[in-house]
Amino acid sequence: MSGSRIAVISDIHSNLEALQAVVDDARGRDVSDFVCLGDIVGYNANPHECVEFIRKLVTVAIRGNHDHYCTHNECLDDFQPTAANVIAWTRRQLEPADVAWLAGLPYSKTTPGGVTYVHGTLDSPEHWGYVFDNLDAAAHFAYQRTGVCFHGHTHAPVVFTKRGTEIVCYDAPTDGPVTLSLGEKYLVNVGSVGQPRDGEPGASYVIFSPKDRTIEFRRVDYDIDAAAGKVLDAGLPPLLAERLRTGR
Ligand code: ZN
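The model shown is predicted, which means the values in this text are computed figures rather than measured ones.

(A) Inspection of the sheet that holds strand β1 (residues 5–9) at higher detail. One open sheet holds the 6 strands; their spatial order is β3-β2-β1-β11-β12-β9, and the pairing between them is mixed. Every interior strand has two partners, whereas the edge strands, β3 (60–61) and β9 (178–179), have only one. Bridge count for β1 against strand β2 (residues 31–36) is 5 bridges, and the pairing is parallel. When the sheet's bridge partners are listed, Arg-5 is paired in β2 with Val-31. Along the sheet, helix α1 (residues 16–27) contacts β1, β2, β11 (203–209) and β12 (214–220); its crossing angle with β11, the most-contacted strand, is approximately 30°.

Structure (C-alpha cells):
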C-alpha cells in the first residue's frame, strides 16, 4: 500500500459549500489523494460545479445511483417524487462533458494496494442495495476479497467488521483514528459530505492511512445557510434545504 493519506468522500449531492469545506479540512491534515464513492449530484443546487471540482480532485471515482440516473434516460418511477423531480432538474444543469464523465464511472474498483471502493454494496452494485444491518453486510462481505472496502449510500457513517463468520457493526468513532486489525475484514461507511442523515449536520468523510492501517472519521462545519439558500433560490423543494440544518 502507498504511504500517502487518502480522503475518502461520498454522497456530495451537489453541495459545493460542504465539498469545499471537506477538501480544505483534508488538505490541512496532510491528505494527498482523494477518492469519491459516488452520488456527486442530486438534491442540492450545484451539480455542474461539483462534477467539475471532483473531476480535477480525485484519483478514483465510483458511480452512485444519482450519478447514474442523472446521466441515463431511464425511467424514474422507482424514485420518490421529490428525488425524481430533482433528478430531472439536475439533468438540465449538467454540461455534456459532465454527463460523459459521470456516465463512464465504474460501479466498483479494487486498487493494486488491496482496497475496494463501491457506492452501496458489492452484492450486485448495479442494483443499488443498501447496507443497513448485519444481514446486508453479510451479503456484501461474500464478495469482498480485500481487507478493507469503503462505501457510502446510506448517508450515515458506520463500520462493519467481519472475523470468521461473526459480523459486528458500530457507529463511527469520533475520538481519533481506528487501527484496522489484519485478521478482520472491514466495510467502512464514510457518511455523506453534502446531505448527512445521522442527525449531525456537519459534512462527513474519512481519512485513510494505508501505511498506518488507520481510518479517521471527520465532521466538518460548513456554510449551511449558503447551501440551503441556493436550494431555495433554484426552486428546489424547501425540504431539501431544511434537512441540511437537521442532518436528517
Ligand atoms: Zn446518496
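Once you've had a look at it, read on.
(B) Highlighting the coordination of the zinc ion. Summarising the metal site, the zinc ion is bound by the protein donors Asp-11 (OD), His-13 (NE2), Asp-39 (OD) and His-155 (NE2), whose distances to it range over 2.0 to 2.3 Å. In this structure, the zinc ion is surrounded by 4 donor atoms whose angles at the metal cover 85 to 178°, and the resulting shape is irregular. Along the chain, the residues donating to the zinc ion are arranged with the sequence spacing D-x1-H-x25-D-x115-H. With Asp-11 in the loop between β1 and α1 and His-155 in the loop between β6 (148–151) and β7 (158–163), this pair connects stretches of sequence that are 144 residues apart. Judged by its relative accessible area of 2%, His-155 falls in the buried class.

(C) Looking closely at the pattern of salt bridges. With the rule as written, the count across this model stands at 7 salt bridges. Among the ionic pairs, Glu-216 bridges to Arg-29, the shortest N-O distance being 3.2 Å. Linking Glu-216 in strand β12 with Arg-29 in the loop between α1 and β2, this pair joins segments that are 187 residues apart in sequence. Among the ionic pairs, Lys-211 bridges to Asp-212, the shortest N-O distance being 3.8 Å.

(D) Just helix α7 (residues 224–233), in detail. All of the buried residues along α7 are Ile-224, Ala-227, Ala-228 and Val-231. Angular distribution of buried residues about the axis of α7 spans 95°; they occupy a single face of the element. In α7, the exposed positions angled more than 90 degrees off the buried face are occupied by Asp-225 and Asp-233. Buried residues belonging to α7 abut α1 and α8 (238–246). Looking at the residues trailing α7, positive phi occurs at Gly-235, about 80°.

(E) Geometry of the packing of aromatic side chains. Summed over the entire model, instances satisfying the criterion amount to 5 aromatic pairs. What links up through ring pairs into an aromatic cluster is the set Tyr-117, Phe-150 and Phe-208. In this structure, Arg-63 is placed above the aromatic ring of Tyr-107, and the distance from its NZ or CZ to the ring centre is 4.6 Å. A cation sits over an aromatic face here: Arg-243 above Tyr-43, 6.0 Å from the ring centre.

(F) Molecular detail of the side chain of His-68. Summarising the element assignment, His-68 is placed in helix α3 (residues 65–71). In this view, His-68 contacts Arg-63, Glu-74, Tyr-107 and Trp-128; residues no more than four positions away in its chain are not counted.

Quick notes on the rules
Residues numbered from 1 in each chain as written. Predicted model: local features only at pLDDT ≥ 70, side-chain atom pairs only at ≥ 80, totals over all residues. Heavy atoms only, no water. Pairing = 2+ DSSP bridges. Helix = DSSP H or I, 4+ residues; strand = E, 2+ residues; numbered from the N terminus. Contact = heavy atoms within 4.5 Å. Axes fitted to C-alpha atoms, helices over the stretch in contact; angles between N-to-C directions. Donors = N, O, S within 2.8 Å, 3.2 Å for Na, K, Ca; no water. Tetrahedral: all angles 85-135°; square planar, octahedral: opposite > 155°, others 65-115°. Buried < 20%, exposed > 50% of the residue type's maximum accessible area, 1.4 Å probe, protein only. Salt bridge = Lys/Arg side-chain N within 4 Å of Asp/Glu carboxyl O. Arc of directions from axis to C-beta. Phe/Tyr/Trp six-rings, centres within 6.5 Å; stacked < 30°, edge-to-face > 60°. Lys NZ or Arg CZ within 6 Å of the ring centre and 35° of its normal.

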